[in-house]
Amino acid sequence: MSTLTRISGPFSHSDDAATTKTDVSALQNAEGDPHLVVLEPEDNPQNISLFRRWLAVLIISSASLCVTLIALQAAFTEQGSAQTFHVSHEVTILGISLYVSGLGIGPLLVGPLSEVYGRNVVYRVSYALFFILTFPVVFAPNIAVFLVFRFITGFCGSTFLSVAGGSVSDMFPNSSIANPMAVYTISPFIGPVVGPLISGFINQYLYWEWTYRVQLCWIFAELLILVIFIPETYAPVILKKKAKRLRESTGDPKFYAPLDRRENTLVSAVLISCYKPFQLLLFDRMALLLDSWNALVLGILYLAFQAYPIIFEDNHGFDMQTTGLAFAGIGLGMILAISTQPLWNRGVPFSLMLYVRETAKYNGDPPPEMRLIMGQVGAILVPVGLFWLAFTTYPQVHWIAPIIASVPFGSGIYFVFTSTFTYLVTAYRPIAASAMASNSALRSAFAAAFPLFAGAMYDRLGTVGATALLAGLATIMAPLPFIFYRIGARLRKNSRFAAH
């Protein structure tokens, strides 16, 4: 009896610590070992029905939306929590920063763990802990408990900022990954927009604790559908489970999967996987600079959630719920941007000939650098939107002007992150979860830090000067996608991490 077949597609690469030198040689000599269990067509997650794959994408995207929505809901609970716990407003801002810090640190562990244990186990365990440990946030007796568990829940929920990208990469080949990655990409960024909108209405009429009580119900519903509907998609773990079934059904203990023959101990494998994201940041210039660009853009977005109350409540007299509605401009920009995705898939008019030429040249599978064309548009829209926003924040300017200005800013954010995320999971496909983890860690660090100095910066520079400063920083980073589009292939060729 032989289970032998060729592994094709993205799974022919080795993976973070899960696949060692022994594993690689075993794959290369697969024809000579009838007991090596390899991927049959029916086992390949890319051969799951299109409906089930899209259902999985929508579920993990909604879970990601839930996790990031909670981050910025806290912006509208700060006044109530400050009164309840008898602390200053500056202390309550830590509720956002610590949660986002957890979101940044968590992927460094859970991303690589998913490449040892599989995606499903990590999803279920982390989201169960996310649900259970939100209770101390809701019923915190003091500010210390509240802040500690905000950090812990951020850490637990962070799975969906790195592992989910790996799941999308598992289920779709390069040629069709753009649409599902677009849906996943928008979810963690539409969350911070929807969060203040919902939280504004809740806190206008109810106690601030109800913000987290409502969230508990959502988390529980997400946990149920994750357990019921999400399949395992990580090929090495699928093979390991298949080998175990064959050993049990045939009574032959010789069947094995590559993960069963790793030379490293489990602890060392996890440790190796955990420092892989740091290696990317330290030794891969392309990953470092793209991650830095993403970090700056996300930091600006999170800073906006502290700046909007200053702009709209102080300058225009908005109440809490209408200030939450002011974020709709950013959300509208993101929705308008994702509606253009079919055009990008075919090649938008100004890049159509280039797209067709590159697709034909690479037999229908264009290089990852093609994904950065979308990022080039985003790199222009972000500073344009910010400069427009900066010079419409005067009290004498009608309040609709800064909301309209936030539309291109929101579209730019979508284009920037969709292009970068898709680039990372295709250019670094063998270590997609770790590539996303390094990106998440750096951008979350910026997102955690920026809100802490938002108040002081806007007090010192004013709404015009502070927002224009952010626009200037975005302008400095804008050339990056243009540069990497030109030299990305050469950098990938010299990278020890990228797929060639």
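Below, the structure is looked at part by part. (Residues numbered from 1 in each chain as written. Predicted model: local features only at pLDDT ≥ 70, side-chain atom pairs only at ≥ 80, totals over all residues. Heavy atoms only, no water.)

Quick notes on the overall build of the chain
Then, in step 1: The helix and strand tally for the chain stands at 21 helices and zero strands.
Then, in step 2: A burial count over the chain gives 60% of its 500 residues as buried.
Then, in step 3: Residue pairs at least 24 apart in sequence account for 83% of intrachain contacts in the chain once pairs closer than 6 positions are excluded.
Then, in step 4: Just so you have it, the chain exposes about 19,500 Å², and 67% of that area is on carbon and sulfur atoms. (Helix = DSSP H or I, 4+ residues; strand = E, 2+ residues; numbered from the N terminus. Buried < 20%, exposed > 50% of the residue type's maximum accessible area, 1.4 Å probe, protein only. Contact = heavy atoms within 4.5 Å. Areas by Shrake-Rupley, 256 points an atom, 1.4 Å probe, with all protein chains shown as cover.)

Digging into a negative patch on the surface
Then, in step 1: Residues Glu313, Asp314, Asp319 and Asp459 make up a contiguous surface patch of negative charge.
Then, in step 2: Within the secondary structure layout, Glu313 lies in helix H13 (residues 285-316).
Then, in step 3: We classify Glu313 as partly exposed; its relative accessible area is 30%. (Patch = residues over 30% accessible without salt bridge, like charges linked within 9 Å, V, L, I, M, F, W, Y side chains within 5 Å. Salt bridge = Lys/Arg side-chain N within 4 Å of Asp/Glu carboxyl O. Lys, Arg positive; Asp, Glu negative; His and termini not counted. Charge placed at Lys NZ, Arg CZ, Asp CG, Glu CD.)

Describing the packing of aromatic side chains
Then, in step 1: In this structure the tally under the stated criterion is 20 aromatic pairs.
Then, in step 2: Ring geometry for Phe131 against Phe220: centres 5.4 Å apart, planes inclined by 40°, an arrangement best described as tilted. A residue pair is termed long-range when its members are at least 10 positions apart, and Phe131 in helix H5 (residues 119-132) and Phe220 in helix H10 (residues 209-229) qualify at 89 residues.
Then, in step 3: Consider the rings of Tyr308 and Phe327, whose centres lie 4.6 Å apart with planes at 15°: the pair is stacked. Of this pair, Tyr308 sits in helix H13 while Phe327 sits in the loop between helix H14 (320-325) and helix H15 (328-338), and the two are 19 residues apart along the sequence.
Then, in step 4: Residue Phe327 is classed as buried on the basis of its relative accessible area, which comes to 0%.
Then, in step 5: The aromatic ring of Trp210 is capped on one face by Arg213, whose charged end is 5.0 Å from the ring centroid. (Phe/Tyr/Trp six-rings, centres within 6.5 Å; stacked < 30°, edge-to-face > 60°. Lys NZ or Arg CZ within 6 Å of the ring centre and 35° of its normal.)

Some thoughts on empty space enclosed by the protein
Then, in step 1: Counted by the stated rule, this structure contains four cavities of 30 Å³ or more.
Then, in step 2: Roughly 80 Å³ of volume is contained in the second largest cavity.
Then, in step 3: Put simply, the parts of the chain that give the lining of the second largest cavity at least two residues each are helix H4 (89-117), helix H9 (178-205), H13 and helix H20 (432-477).
Then, in step 4: In terms of residue class, the lining of the second largest cavity is made up of nine nonpolar, two polar and one charged. (1 Å grid on protein atoms, 1.4 Å probe; cavity = no way out; pocket = protein on both sides within 12 Å on 5 of 7 lines; lining within 4 Å. Points joined across faces, edges and corners; volume = space filled by probe spheres on them. Nonpolar A, V, L, I, M, F, W, Y, C, P; charged D, E, K, R; others polar.)

Section: a nonpolar patch on the surface
Then, in step 1: A surface patch of nonpolar side chains, about 760 Å² in accessible area, is lined by Phe201, Tyr205, Leu206, Tyr207, Trp210, Val214 and Leu325.
Then, in step 2: Inspection of the secondary structure assignment puts Leu206 in the loop between H9 and H10.

Considering helix H11 (residues 235-250)
One turn of an α-helix holds 3.6 residues; hence residues three or four places apart share an orientation.
Then, in step 1: Here H11 contains 16 residues, and its C-alpha end-to-end distance of 22 Å stays within 8% of the 22 Å for a straight helix at 1.5 Å per residue.
Then, in step 2: Among the residues making up H11, those that are buried are Ala235, Pro236, Val237, Ile238, Leu239, Lys242, Ala243 and Leu246.
Then, in step 3: Each element contacted by the buried residues of H11 is listed here: H4. (Expected span 1.5 Å × (residues − 1).)

A few points about the environment of Ala435
Then, in step 1: Position of Ala435 relative to the elements: it lies in helix H20.
Then, in step 2: Residue class for Ala435 comes out buried when judged on its relative accessible area of 1%.
Then, in step 3: Spatially, the C-alpha atoms of Ala435 and Leu424 are 6.3 Å apart, while their sequence positions differ by eleven residues.
Then, in step 4: Setting aside residues no more than four positions away along its own chain, Ala435 makes contact with Leu280, Leu424 and Tyr428.

With respect to the nonpolar core
Then, in step 1: Residues Tyr127, Phe146, Met334 and Tyr428 are the most contacted members of the largest nonpolar core, which totals 125 residues.
Then, in step 2: Per element, the largest residue contribution to this core is 18 residues, and it comes from H13.
Then, in step 3: Beyond its immediate stretch of four places on either side in the chain, Phe146 contacts Phe85, Gly95, Val137, Ala140, Trp208 and Tyr212.
Then, in step 4: Among the nonpolar cores identified, the runner-up in size contains eight residues, and Ala235, Leu239, Ala243 and Ala257 belong to it. (Core = buried A, V, L, I, M, F, W, Y, C linked by side-chain atoms within 4.5 Å.)

Observations regarding the side chain of Arg150
Then, in step 1: Turning to its location among the elements, Arg150 is positioned in helix H7 (residues 143-157).
Then, in step 2: Of the side chains with opposite charge, Glu78 comes closest to the buried, unpaired Arg150, at an N-O distance of 8.1 Å.
Then, in step 3: Each residue touching Arg150, except ones within four places of it in the same chain, is listed here: Ile70, Ala71, Ala74, Gly95, Ile96, Tyr99, Val137 and Tyr212.

Considerations on the packing of H5 against H7
Then, in step 1: Their axes nearest at 8 Å, the elements H5 and H7 cross at an angle of 155°. When the interaxial angle is binned, H5 and H7 end up roughly antiparallel. By crossing handedness, the relation of H5 to H7 is classed as left-handed. In this structure, H5 contributes Ser126, Leu129 and Phe130 to the contact, and H7 contributes Thr153, Cys156 and Gly157.
Then, in step 2: Per-class residue counts for the contact of H5 with H7 are three nonpolar, three polar and no charged. (Axes fitted to C-alpha atoms, helices over the stretch in contact; angles between N-to-C directions. Parallel < 35°, antiparallel > 145°, perpendicular 65-115°, else oblique. Left-handed = near helix turned anticlockwise from the far one by under 90°.)

Looking at the packing of helix H2 (residues 50-73) against H10
Then, in step 1: Where H2 contacts H10, the axes come no closer than 10 Å and their chain directions differ by 160°. With respect to each other, H2 and H10 are oriented roughly antiparallel. In this structure, H2 meets H10 at a crossing whose hand is left-handed. Facing Leu55, Ile59, Ile60, Ser62, Ala63, Leu65, Cys66, Leu69, Ile70 and Gln73 of H2, the residues of H10 in contact are Thr211, Tyr212, Gln215, Trp218, Ile219, Glu222, Ile225, Leu226 and Phe229.
Then, in step 2: Counted by class, the contact of H2 with H10 contains 14 nonpolar, four polar and one charged residues.

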